[in-house]
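Spelled out, the chains give:
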Amino acid sequence: MDNKAWAQGVAKKIKEKEIEVIKRSVNKVPYIAKNGVFDDLSETRLGWWTNGFWGGMMWQLYQATKEPIYKEVAENLEKKMDSVLLDSSVMDHDSGFRWLPTAVANYRLFGSKESRNRGMIAASNLAGRYNAKGEYIVAWNSRADWAIIDCMMNLPLLYWAYEESKNPSFLHIAMNHADTAAKVFIRPDGSSRHIVEFDPVTGDCNGSYGGQGMSYGSSWTRGQGWALYGFTLSYMHTKKERYLETAERVADYFISCIPESGLIPVDFYQDPSCDWRDDTAGAIAACGLIELSKVTKNWKKQKYMDAAIRLLKAIDEKGCNYDPNVDELLEKCTAAYNEPDHNFPMIYADYYFIEAIWKLTGDELFIW
């Protein structure tokens, strides 16, 4: 079976499952699942950084099936999140994760003026987090001195805002942050730091932290995925070779660390006997590798595509639950190495796996 036929088979299983899942979840904003049932952050944590991925799943499923229920749920979530746009205490650097898969996706599909407005408000808020002295975007409200590698995936909101408004400030901020990230986050071997601390007054880099990885100096795998996909996207939006070169360096490092099983641990430095996994990292990296295979030099294209297929097939065989009576799709994920819980479902794992499969079948709505 060729890879496209395999992906079409996986897509069929996803579509059959998700049409049943959505019937049980129309009013939810899920984050994790317990005992096969999604939780709901609608009333408790509507500003949580992952809440756009449910909308992104709905738009990807709508794009592939044209089932109206997915459009309805996505648009309802987008409207729910208006209260987040008005709450400065929860507006942080994750605006891209929240409004690209919701409002901007809606605008791209249907040209909604209201959706465009939401996207532009979110982009303006993200641009306002820029520290001009250190040339970085502040991650969280509690720490004006911290930036994190995850923000590479939020930059496409600024690239979109530049394309929409022709205001070059959005582009300059995105590129300056990407340049800073390439310089201070990416190590010589292609691995990435998670958190970097700056002096917000002088802009000096003061050091780094292990963050959600195992420890200082280790290699948190989801962060490697954010870097791989994020620098690939920055190249796609700007055509600056330095971002392609950085993406390739991160990709080559990631591929060199893939275990024989094809299943990605929480941290590449963790003991091989530890069974803690983050299939989210594998799915994100697969998305990045597929896009990288489209834009890299000819002799590298097959290398990156083969690695993506290897990651996705491992997740399909050993990490997915296609039972339509169970809400989650991917079951073995981890938010952070040093937190007590491991190998549990998270909504953005489902999102990125679906996005990656859709890239292979041709059903994808490109969100980033």
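Residues numbered from 1 in each chain as written. Predicted model: local features only at pLDDT ≥ 70, side-chain atom pairs only at ≥ 80, totals over all residues. Heavy atoms only, no water.

S.K.: Could you give an account of the environment of threonine 361, naming the residues involved and the relevant values?
M.R.: Within the fold, threonine 361 resides in helix H13 (residues 347-361). Under the relative-accessibility criterion, threonine 361 is labelled buried at 11%. Taking the C-alpha atoms as reference, threonine 361 lies 6.1 Å from lysine 4; in sequence the two are 357 residues apart. Contacts of threonine 361, omitting those with residues within four sequence positions, involve Lys4, Ala7, Gln8 and Ala11. (Helix = DSSP H or I, 4+ residues; strand = E, 2+ residues; numbered from the N terminus. Buried < 20%, exposed > 50% of the residue type's maximum accessible area, 1.4 Å probe, protein only. Contact = heavy atoms within 4.5 Å.)

S.K.: Give a description of the packing of helix H5 (residues 95-110) against helix H6 (residues 113-127) that names residues and reports values.
M.R.: Axis angle and axis distance: for two packed helices, these are the angle between their axes and the distance between the axes, and together they describe the pair. Running from amino to carboxyl end, H5 crosses H6 at an angle of 155°, the nearest separation of the two axes being 8 Å. Taken together, H5 and H6 sit at an angle that is classed as roughly antiparallel. Here H5 and H6 pass one another in a crossing that is left-handed. Residues Ser95, Trp99, Ala103, Val104, Asn106 and Tyr107 of H5 form the contact with H6, whose participating residues are Ser115, Arg116, Arg118, Gly119, Ala122 and Leu126. Across the contact of H5 with H6, the residue classes break down as six nonpolar, four polar and two charged. (Axes fitted to C-alpha atoms, helices over the stretch in contact; angles between N-to-C directions. Parallel < 35°, antiparallel > 145°, perpendicular 65-115°, else oblique. Left-handed = near helix turned anticlockwise from the far one by under 90°. Nonpolar A, V, L, I, M, F, W, Y, C, P; charged D, E, K, R; others polar.)

S.K.: So what about the sheet that holds strand E5 (residues 146-148)? Which residues, and what values?
M.R.: What the three strands build is an open sheet, ordered E5-E6-E7; its pairing is antiparallel. With partners counted over all chains shown, the strands left at the sheet margins are E5 and strand E7 (205-209), one partner each. For this sheet, the mean inter-axis angle between neighbouring strands, taken without regard to orientation, is 25°. (Pairing = 2+ DSSP bridges.)

S.K.: Describe the pattern of salt bridges, listing the residues and the values that go with them.
M.R.: Counted by the stated rule, this structure contains 22 salt bridges. Linking aspartate 363 and lysine 15 is a salt bridge whose minimum nitrogen-to-oxygen distance equals 3.5 Å. Here lysine 15 lies in helix H1 (residues 3-24) and aspartate 363 lies in the segment after H13, a separation of 348 residues in the sequence. Taking relative accessible area as the criterion, lysine 15 reaches 25% and is therefore assigned partly exposed. Here aspartate 179 makes a salt bridge to arginine 242, at a shortest N to O gap of 2.8 Å. Here the residue aspartate 179 occupies a position in helix H8 (residues 168-184), and arginine 242 occupies one in helix H10 (residues 241-257), the gap between them amounting to 63 residues. A relative accessible area of 37% places arginine 242 in the partly exposed class. (Salt bridge = Lys/Arg side-chain N within 4 Å of Asp/Glu carboxyl O.)

S.K.: Explain the pairing of strand E6 (residues 195-198) to me, and be specific about the residues and the numbers.
M.R.: The side chains of a regular strand alternate between the sheet's two faces. Alternating positions in E6 separate into two faces, Ile195 and Glu197 on one and Val196 and Phe198 on the other, with burial throughout. The sheet contact formed by E5 and E6 spans three bridges and is antiparallel. What sits directly across from isoleucine 148, in E6, is isoleucine 195. Inspection of the sheet shows E6 paired to E7 by four bridges, in the antiparallel sense. Bridge assignment links glutamate 197 to a residue of E7, and that residue is glycine 207. In this structure, the hairpin formed by E6 and E7 is closed by a connection of six residues, where glycine 203 is found at a positive phi of approximately 85°.

S.K.: Go over unusual backbone geometry, please, and point to the residues and values.
M.R.: Residues other than glycine seldom take positive phi values, yet asparagine 35 does so here, at roughly 55°. Note on placement: asparagine 35 falls in the loop between strand E1 (33-34) and strand E2 (37-38). The residue lysine 166 is not glycine, and still its phi comes out positive at about 65°. Within the secondary structure layout, lysine 166 lies in the loop between helix H7 (155-165) and H8.

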